[in-house]
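The chain contents come next:
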Amino acid sequence: MKNKTYQRIRNAKSTTFPDSWLQIETIDMHTGGEPLRVILNGFPELKGNSVLEYRNYCKENWDHLRTALMFEPRGHADMYGCILVPANDDEGDFGILFLHNEGYSTMCGHAIIAISTLAVQQEWIDVKEGENTLKIDAPCGRILSYVDVEKGEVQGVRFHCVPSFVVGLDRQVTVPGLGTVRYDLAYGGAFYAYVDLAKHNFNFDLTEASYRTLIQTGMDIKQAVMSQDEDVVHPFEGDLSFLYGTIFIDNTKQASGADSRNVCIFAEGEVDRCPTGSGVSGRMAIHHQRKELRIGDSMRIESITGSVFKGAVVREEDYGPFTAVIPEVTGTAHITGKHCFVIDPADPMKNGFILR
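Analysis parameters
Think of each chain on its own: its residues are numbered from 1, step by step along the sequence as written. It should be noted that, the model being predicted, local features are given only for residues of pLDDT at least 70 and side-chain atom pairs only at 80 or more, the latter also being counted only at that level, while totals for whole chains, interfaces and linings use all residues. To get the side-chain values, all heavy atoms of the structure are used, and hydrogens and water are removed first. Strands are runs of DSSP state E lasting at least 2 residues, helices are runs of H or I lasting at least 4, and numbering of each runs from the N terminus. Type-normalised accessible area, obtained with a 1.4 Å probe on protein chains alone, sets the label of each residue: buried when under 20%, exposed when over 50%, and partly exposed for intermediate values. Here the arc refers to the directions that run from the helix axis out to each C-beta atom. By the convention used here, residues are in contact when the closest approach between their heavy atoms is within 4.5 Å. Every helix has an expected span of 1.5 Å times one less than the residues it contains. We call a pair of cysteine sulfur atoms a disulfide when they lie within 2.5 Å. Between 30 and 60 degrees the pair is tilted, below 30 it is stacked and above 60 it is edge-to-face, where a pair is any two Phe, Tyr or Trp rings, Trp via its six-membered ring, whose centres lie within 6.5 Å. Each ring is checked for a lysine NZ or an arginine CZ that lies within 6 Å of its centre and within 35 degrees of its normal; such an atom marks a charge sitting over the ring. For the purposes of these results, a polar contact is taken to be a pair of N or O atoms within 3.5 Å, where, inside protein, one atom must be able to donate a hydrogen and its partner to accept one; residues adjacent in sequence count only when each atom of the pair is a side-chain atom. We count a salt bridge whenever a side-chain nitrogen from Lys or Arg sits within 4 Å of a carboxyl oxygen from Asp or Glu. Paired strands, as defined in this entry, are two strands with at least two bridges between them according to DSSP.

**Topic: the environment of lysine 291**
Next up, step 1: Tracing the backbone through its elements, the reader meets lysine 291 in the loop between α6 (277-289) and β14 (298-302).
Next up, step 2: Given a relative accessible area of 73%, lysine 291 falls into the exposed group.
Next up, step 3: Along the backbone, lysine 291 and asparagine 262 are 29 residues apart, and their C-alpha atoms lie at a distance of 20 Å.

**Considerations on helix α2 (residues 51-61)**
Next up, step 1: Looking only at α2, the buried set comprises Val51, Leu52, Tyr54, Arg55 and Cys58. Along the long axis of α2, the arc covered by the buried residues comes to 160 degrees, so they all point the same way.
Next up, step 2: Buried-residue contacts for α2 involve α3 (63-70), β3 (81-85), β4 (94-99) and β5 (130-138).

**Regarding α6**
Next up, step 1: Between the first and last C-alpha of α6 there are 19 Å, a value that for 13 residues agrees with the 18 Å anticipated at 1.5 Å per step.
Next up, step 2: Of all 13 residues making up α6, 12 are buried, and the element is well covered by its neighbours.
Next up, step 3: Residues of α6 that are buried: Gly277, Ser278, Gly279, Val280, Ser281, Gly282, Arg283, Met284, Ala285, Ile286, His287 and His288.
Next up, step 4: Among the residues trailing α6, lysine 291 stands out with phi positive, at a value near 65 degrees.

**Here's the deal with the state of the cysteines**
Next up, step 1: One pass over the full model with this rule turns up 0 disulfides.
Next up, step 2: Between cysteine 108, a cysteine without a disulfide, and cysteine 274, which holds the nearest cysteine sulfur, the sulfur-to-sulfur distance is 6.9 Å.
Next up, step 3: Unpaired in terms of disulfides, cysteine 161 finds its nearest cysteine sulfur in cysteine 140, a separation of 5.5 Å.

**Description of the packing of aromatic side chains**
Next up, step 1: Taken as a whole and assessed by the stated rule, the structure comprises 14 aromatic pairs.
Next up, step 2: Taken together, a centroid distance of 5.0 Å and an interplanar angle of 80 degrees make the contact between phenylalanine 236 and tyrosine 319 edge-to-face. Separated by 83 residues along the polypeptide, phenylalanine 236 in the loop between α5 (211-228) and β11 (243-250) and tyrosine 319 in strand β15 (residues 308-319) bring together distant segments of the chain.
Next up, step 3: With relative accessibility at 55%, the residue phenylalanine 236 sits in the exposed group.
Next up, step 4: Aromatic rings pair up to connect Phe165, Tyr187, Phe191, Phe236, Tyr319 and Phe322 into one cluster.
Next up, step 5: Note that arginine 158 overlies the ring of tyrosine 146, its terminal NZ or CZ placed 4.4 Å from the centroid.

**Observations concerning the side chain of aspartate 229**
Next up, step 1: Its location among the elements puts aspartate 229 in the loop between α5 and β11.
Next up, step 2: A distance of 2.9 Å separates the side chain of aspartate 229 from the side chain of arginine 171, its partner in a polar contact.
Next up, step 3: Of note is the side chain of aspartate 229, whose polar atom sits 2.9 Å from the backbone nitrogen of aspartate 231.
Next up, step 4: If we ignore the near neighbours within four places in the chain, the residues touching aspartate 229 are Arg171, Tyr183 and Leu185.

**Quick notes on the pattern of salt bridges**
Any two side chains of opposite charge can pair, given that their charged atoms come close.
Next up, step 1: Within the structure shown, the criterion is met by 19 salt bridges.
Next up, step 2: Aspartate 297 serves as the salt-bridge partner of arginine 294, at 3.4 Å between the closest nitrogen and oxygen.
Next up, step 3: One network of salt bridges, in which partners are shared, links Asp170, Arg182, Asp184, Lys199 and Arg290.

**Digging into unusual backbone geometry**
Next up, step 1: Here the residue pair glutamate 72 and proline 73 is connected by a cis peptide bond, since its omega of 5 degrees sits within 30 degrees of zero.
Next up, step 2: Relative to the helices and strands, proline 73 resides in the loop between α3 and β3.
Next up, step 3: The phi torsion at glutamate 123 lies on the positive side, around 55 degrees, for a residue other than glycine.
Next up, step 4: Relative to the helices and strands, glutamate 123 is located in the loop between α4 (109-121) and β5.
Next up, step 5: Given a relative accessible area of 62%, glutamate 123 falls into the exposed group.
Next up, step 6: Backbone geometry at threonine 276 places phi at a positive 75 degrees, although glycine is not the residue there.
Next up, step 7: Turning to its location among the elements, threonine 276 is positioned in the loop between β13 (270-271) and α6.
Next up, step 8: Among the residues examined, threonine 276 registers a relative accessible area of 4% and is labelled buried.

**A few points about the pairing of strand β8 (residues 165-175)**
Next up, step 1: Note: β8 against strand β9 (residues 179-187), 8 bridges, orientation antiparallel. When the bridges of β9 are listed, valine 175 appears paired with glycine 179.
Next up, step 2: Turn length for the β8-β9 hairpin, with the two strands adjacent in sequence and antiparallel, is 3 residues, and the turn residue glycine 177 shows positive phi of about 85 degrees.

**Some details on the environment of leucine 22**
Next up, step 1: Counting through the fold element by element, leucine 22 comes out in strand β1 (residues 22-31).
Next up, step 2: Overall, the relative accessible area of 29% leaves leucine 22 in the partly exposed class.
Next up, step 3: As for leucine 22 and aspartate 344, which are separated by 322 residues in sequence, their C-alpha atoms are 7.0 Å apart.

**Comments concerning the environment of leucine 214**
Next up, step 1: Its location among the elements puts leucine 214 in helix α5.
Next up, step 2: Its relative accessible area of 0% is what places leucine 214 among the buried residues.
Next up, step 3: Residues leucine 214 and glycine 179, spaced 35 residues apart in sequence, show a C-alpha to C-alpha distance of 16 Å.
Next up, step 4: Not counting residues within four places of it along the chain, the set of residues in contact with leucine 214 comprises Phe204, Asp205, Leu206, Thr207, Phe248, Val263, Ile265 and Ile304.

What follows is the structure, given as structure tokens:
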């Protein structure tokens, strides 16, 4: 005898929710293990005339939806997401806002790789064999993304980041519990403090075994740099003038064959699962200024999960007081799911929470 209730469950054609519940549709992806929740439908309309204005409007009016979708129980402490908005002008394809546990970042390479992949897979653009170009407006500026398609399948994505530059090399900061820490300060769509393990006697490495130590140390360094370094200033846009994270570097040859390893601690202690596209962009500026990479040179950088991005130096250009480079970053992304999240107004945890 078949259970009647079970059969009703099996025969149900759809799930319905009260009209008072907000429903938000997403496609979830990952780039090198780093998640991306692409918010497609149901998010309230954002007002403004540019990506930066949409970003500010979202911060001021709908930040509780950021926490609802990034935090538990729908997300987790290391969740990442994006909202698609109009481009800054008619030449662009679309704009993008980046969401995480602390707020709204200015640039995210793994999100650019993922959303470019999705744009082709969902045929948001007219797809052709070979190279497909997207013009994506991020808060930091326009990103040119190139999607390689072979026999209808995405083979990979490379993007040219905004002008990336070095503010200073071999700076020093005093960090409680660590003493003097040397770092390079550079910008690749966001500002990072880059800390080379070879210049320190830290009691940790860049593996999963050091996960919690990396978070604490990265945040300690970030807070110290924020309080002691006054040069985290974008030459043209005040909204971009903040330190996003700490990137630990191991420049030894990796077992995978990669030339180096990155572990980025960003926002409020998030650990990037991929090599960090904006971080790789800043590294291209650093290596070029140190004369370790020339125009056209490249290197392979892996993450804490072993995923790899290729970074290259495309060209130099003047950018305010800086001699910047246009970096190229290459990687791959994959879809992991499609979701319809609901927000019950009566749920006391509707806006989310984080336990770490």
